[in-house]
Amino acid sequence: PDAEKSPGYWNKGARRRLELALALQPAALRAKNIILFMGDGMGLSTMSAARIYKGQLAGGSGEESVLAMETFPHMALAKTYTIDRQVPDSAGTGTAYLCGVKANAKTLGLSGAAVYGKCRTTFGNEELPIPTVIPVPMLRAAHGTLGQGTGAWHHSAVARAGFSASTAHPLIPASVSAPSPSDARLQGCKDIAWQLVHNVDINVILGGGRKYMTPVGTPDPEYPMNSKQNGIREDGKNLIDMWLEKQPGARYVWNRTEMLAAAADSSVNYLMGLFEPGDMKYSLVRNTTLDPSLTEMMEAAITILSRNPKGFYLFVESPAHHGCPSAGGRIDHGHHDGAAHKALTEAVEFDRAIERAGALTDETETLTVVTADHSHVFSFGGYTLRGSSIFGLAPETALDGKNYTSILYGNGPGYPGSDRPNVDPETAMQFDYLPQAAVPVDSETHGGEDVAILAKGPMAHLFHGVQEQTYVAHVMAYAACIEPYTDCHQRDSAPSIRASALALLLPAFLLPLFH
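About the cut-offs
- Residues numbered from 1 in each chain as written.
- Predicted model: local features only at pLDDT ≥ 70, side-chain atom pairs only at ≥ 80, totals over all residues.
- Heavy atoms only, no water.
- Helix = DSSP H or I, 4+ residues; strand = E, 2+ residues; numbered from the N terminus.
- Buried < 20%, exposed > 50% of the residue type's maximum accessible area, 1.4 Å probe, protein only.
- Contact = heavy atoms within 4.5 Å.
- Areas by Shrake-Rupley, 256 points an atom, 1.4 Å probe, with all protein chains shown as cover.
- Disulfide = S-S within 2.5 Å.
- Pairing = 2+ DSSP bridges.
- Polar contact = N/O pair within 3.5 Å; in protein donor to acceptor, adjacent residues only side chain to side chain.
- UniProt positions renumbered as here; feature names shortened; annotations may be inferred.
- Axes fitted to C-alpha atoms, helices over the stretch in contact; angles between N-to-C directions.
- Parallel < 35°, antiparallel > 145°, perpendicular 65-115°, else oblique.
- Left-handed = near helix turned anticlockwise from the far one by under 90°.
- Nonpolar A, V, L, I, M, F, W, Y, C, P; charged D, E, K, R; others polar.
- Core = buried A, V, L, I, M, F, W, Y, C linked by side-chain atoms within 4.5 Å.
- Domains from an automatic or database assignment.
- Phe/Tyr/Trp six-rings, centres within 6.5 Å; stacked < 30°, edge-to-face > 60°.
- Lys NZ or Arg CZ within 6 Å of the ring centre and 35° of its normal.

### Section: the overall build of the chain
Stage number 1. Of the regular secondary structure elements, the chain holds 14 helices and 15 strands.
Stage number 2. Residues counted as buried form 57% of the 515 residues belonging to the chain.
Stage number 3. A separation threshold of at least 6 residues defines the contact pool for the chain, and within that pool the share at least 24 residues apart is 76%.
Stage number 4. Per element, the accessible surface of the chain, about 19,900 Å² overall, is 55% carbon and sulfur.

Structure representation (structure tokens):
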């Protein structure tokens, strides 16, 4: 604090950063590996608050802290609207950043011609105009045309929205007012879990969602006496067994010990890990013996995918609400619940995974992109003093003479009613505390503002300015020189990736059947 009072402190820091910027050169190379970190619901206000919280956890005042993702040299903003919504959901945005085209809300991996709730409109609209960017197309391009390894890691359920946009084309809602699953099946539509196993060849799948993969009544290995955690598939299929049969030498695990052992086994090139019947637990309350952390799952995925000398594509998403995937922690779930402490804890854990990925990969070969699908109506203000806890109170009371927290929500379950209660510091610091919201809704809503894109590695300099969210998929495809950008200018500037691996980190739970 004393040093900050001197103009020289700020001049010296700005000069140092200016020199770094002047020395920055575009890495016009072909990307051997691509890692996409998707922080579900990680808007700009969430990133700023997470930065402060991370610094305070380390013993600092927090404001001057730096997230690992914030050290990336290139950034842009992405517009998140969908074809039919000003404020988006996770399905339409997932289609944008993974498939390269805008779509309607509640539809995954489909063009705008598909109609939510009408299964037949899936057919003929699942092959998007950019056929080999990042959804089923890019996974197929990376794994097939390029021979790369592929992986997905989701901190929610592996069949949720974000990740599912890269593997599935669902239109059928889970609500009882929509066409029933039997109607959808009669029309030839498949649920997301089924498509995850059959639509594309993925080397590593990690997340939650065991019950969506096994027949009705199948006991859960972790909760065998709890019938609510049993399998729920009505078609009698065991998708885990089907996946294992399809991949010789593949390994299935359901706990942390088995996952670490599989990652250490050099003979393992295919791994599916489902660590909860549904969504995975929040980081602070997970069973550390049975449930791996986000960082541990990410490290296991990179360890296995790196065995492919041709490179890999890894998608890591943080979980979302109402059946949307995540690997950056359950950021989105926390916000929907109006529980800021939960959301920010997950955001910090997400950043730890990003930092660890940087230590495990070579920046000259690996394009790493960090972004969000959408924001939330989450804010912090109140002229709090420097070093105040991010969860603390504003220094002055409101017009009603009562305290309020710096963190507030525009809407959500924290609505206090007409007689707003006073807030004391101890209550505000509790992990389960719900900051007050202006409008009462059961589930806090998404926000409509732009989200950040941060990038480093080959062709990362292409991320600049304010872009449509679809731009993310196109840059990744161009960096890897896959269709429709096989004539990329940097084609001969990096090692060939004519064969690589694919992984998906989806730590939550498999999307409900027919979501």
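### Points about the state of the cysteines
By definition, a disulfide links the sulfur atoms of two cysteine residues through a covalent bond.
Stage number 1. Summed over all chains, the structure comprises 1 disulfide.
Stage number 2. Covalently, C481 is tied to C488 through a disulfide, its sulfur atoms 1.7 Å apart. Taking the torsion about the S-S bond as the criterion, the C481 to C488 disulfide, at about 95°, is right-handed. Grouping residues by exposure puts C481 and C488 together as buried.

### Brief notes about the pairing of strand β6 (residues 271-274)
Stage number 1. The alternating pattern of β6 places L271 and G273 on one face and M272 and L274 on the opposite face, and all of these are buried.
Stage number 2. Sheet topology places strand β4 (residues 204-208) next to β6; 4 bridges connect them, and they run parallel. The residue of β6 that forms the bridge with L206 is G273.
Stage number 3. Judged from the 3 bridges that link them, strand β5 (residues 251-253) and β6 form a sheet pairing that is parallel.

### Regarding helix α3 (residues 90-99)
Stage number 1. Counting buried residues along α3, 10 of its 10 residues qualify, which places the element largely inside the surrounding structure.
Stage number 2. Of all the positions in α3, only S90, A91, G92, T93, G94, T95, A96, Y97, L98 and C99 are classed as buried.
Stage number 3. Residue D89 occupies the N-cap position of α3, its side-chain oxygen lying 3.5 Å from the main-chain nitrogen of A91.
Stage number 4. Directly beyond the C-terminal end of α3, a positive phi value near 85° is found at G100.

### Structural notes on the UniProt feature "active site" (unreviewed entry) in the chain
Stage number 1. Annotation from UniProt places "active site" (unreviewed entry) at S90.
Stage number 2. Structurally, the position occupied by S90 is in helix α3.

### Some remarks on the UniProt feature "binding site: Zn(2+)" (unreviewed entry) in the chain
Stage number 1. Under the local residue numbering, the UniProt record ascribes the feature "binding site: Zn(2+)" (unreviewed entry) to D40, D332, H336, D373, H374 and H446. A maximum C-alpha distance of 14.4 Å is found for the annotated residues, which run over 407 residues; spatially they form one tight group.
Stage number 2. As for its placement among the helices and strands, H374 is situated in the loop between β8 (366-371) and β9 (375-376).
Stage number 3. We classify H374 as buried; its relative accessible area is 0%.
Stage number 4. With near-sequence residues (within four places) excluded, H374 lies in contact with D40, G41, M42, G43, T80, P88, D89, S90, D332, H446, G447 and V451.
Stage number 5. A polar contact of 3.5 Å, which involves the side chain of H374, links it to the side chain of D332.

### Comments concerning the packing of helix α10 (residues 294-305) against helix α12 (residues 340-360)
Stage number 1. Where α10 contacts α12, the two axes come as close as 8 Å, and the packing angle between them is 25°. Here α12 runs roughly parallel to α10, going by the angle between their axes. Of the two elements, α10 crosses α12, and the hand of that crossing is right-handed. Between α10 and α12, the contacting residues are L294, T295, M298, E299 and I302 on the first element and E346, E349, F350, R352, A353, R356, A357 and L360 on the second.
Stage number 2. Tallied by class, the residues present in the contact of α10 with α12 amount to 7 nonpolar, 1 polar and 5 charged.

### Observations concerning the environment of C99
Stage number 1. Along the chain, C99 turns up in helix α3.
Stage number 2. A relative accessible area of 0% means that C99 is categorised as buried.
Stage number 3. Taking the C-alpha atoms as reference points, C99 and L110, separated by 11 residues in sequence, lie 8.5 Å from one another.

### Considering the environment of G273
Stage number 1. Considering the arrangement of structural elements, one finds G273 in strand β6.
Stage number 2. Residues G273 and R210, 63 residues apart in the sequence, show an inter-C-alpha distance of 9.1 Å.
Stage number 3. When sequence neighbours within four positions are dropped, the list of residues in contact with G273 reads I205, L206, G207 and V253.

### So, the nonpolar core
Within soluble globular proteins, side chains that are nonpolar tend to cluster in buried spots.
Stage number 1. One finds L36, F37, M69 and L344 to be the most contacted residues of the largest nonpolar core, which totals 80 residues.
Stage number 2. Taken together, domain 1 (34-142 + 156-377 + 445-480) and domain 2 (379-441) each give at least three residues to this core, which thus spans both.
Stage number 3. If sequence neighbours within four positions are ignored, M69 has contacts with M42, M47, F350, D351, I354, V370 and L454.
Stage number 4. Counting residues in hydrophobic clusters, the runner-up holds 15 residues, among them A193, M213, L239 and A250.

### What to know about the pairing of strand β2 (residues 74-79)
Stage number 1. In β2, alternate side chains face the same way, and those of H74, A76 and A78 are buried while those of M75, L77 and K79 on the opposite face are not.
Stage number 2. With 3 bridges joining them, β2 and strand β14 (residues 466-468) adopt parallel strand pairing. From the neighbouring strand, K79 faces β14, where its bridge partner is E468.

### Concerning the packing of aromatic side chains
Working definition: an aromatic ring pair is given by the centre-to-centre distance plus the angle between the planes.
Stage number 1. Throughout the structure, instances matching the rule amount to 9 aromatic pairs.
Stage number 2. For the ring pair W243 and Y270, a centre distance of 6.3 Å and an interplane angle of 65° mean the geometry is edge-to-face. Here the residue W243 occupies a position in helix α8 (residues 239-246), and Y270 occupies one in the loop between α9 (256-264) and β6, the gap between them amounting to 27 residues. Judged on exposure class, the residue W243 and its partner Y270 are both buried.
Stage number 3. Directly above the aromatic system of Y282 lies the positively charged group of R330, at a separation of 4.2 Å from the ring centroid.

### Looking at the packing of α3 against helix α14 (residues 471-480)
Stage number 1. For the pair α3 and α14, interaxial distance at closest approach is 5 Å and the crossing angle is 25°. Compared by their axis directions, α3 and α14 come out roughly parallel. Here α3 contributes A96, Y97, L98 and C99 to the contact with α14, which in turn contributes V472, A473 and M476.

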